[in-house]
Amino acid sequence: MKTEQALNQNLQRGQFETVYVDKKTVSCEGNNPALGHPRVFLKLKDNKAVCPYCSKTFLFQE
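Throughout what follows, the structure given in this document is the object of discussion. Fair warning: this is a prediction, and the values are worked out from it, not measured in the lab. (Residues numbered from 1 in each chain as written. Predicted model: local features only at pLDDT ≥ 70, side-chain atom pairs only at ≥ 80, totals over all residues. Heavy atoms only, no water.)

A word on the environment of K45
Note the following rule: Secondary structure is summarised from DSSP: a helix means a run of H or I of at least four residues, a strand means a run of E of at least two, and numbering begins at the N terminus for each.
For K45, the position within the fold is in the loop between β3 (40-43) and β4 (48-50). For K45 and K24, which are 21 residues apart along the polypeptide, the C-alpha to C-alpha distance reads 8.0 Å.

As for the packing of aromatic side chains
Inclusion rule: Stacked, edge-to-face and tilted labels apply to pairs of Phe, Tyr and Trp rings (six-membered ring for Trp) whose centres lie within 6.5 Å, assigned for plane angles under 30 degrees, over 60, and everything in between, in that order. Cation placement over rings: the criterion is NZ of Lys or CZ of Arg within 6 Å of the ring centroid and within 35° of the ring normal.
Within this structure, the stated rule accounts for zero aromatic pairs. Positioned above the aromatic ring of F60, the side-chain terminus of K24 is 4.4 Å from the ring centre.

Brief notes about the environment of L42
The line we're drawing: Accessible area is worked out with a 1.4 Å probe on protein chains only. A residue is then buried under 20% of its type maximum, exposed over 50%, and partly exposed in between. Residue contacts are counted whenever heavy atoms from the two residues lie within 4.5 Å of one another.
Take L42: it is sitting in strand β3. A relative accessible area of 12% means that L42 is categorised as buried. Between the C-alpha atom of L42 and that of T25, which follows or precedes it by 17 residues, the distance is 5.6 Å. Among all residues touching L42, those that are not within four sequence positions of it are K24, T25, V26, A49, V50, C51, P52 and F58.

Now the structure itself:
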């Protein structure tokens, strides 16, 4: 499991998680909800959605 420091270093380097999904609506809680990331529901547009809190990218893949 990544530590908070490692997650912050990844964010500073522009490395964000990419998740492949098979649905057009997804939810995101971030990697550590204790840091203030609420659960959000995102609708994929053009087969892609990006979380506004943690920049996790969701890509549609059948």
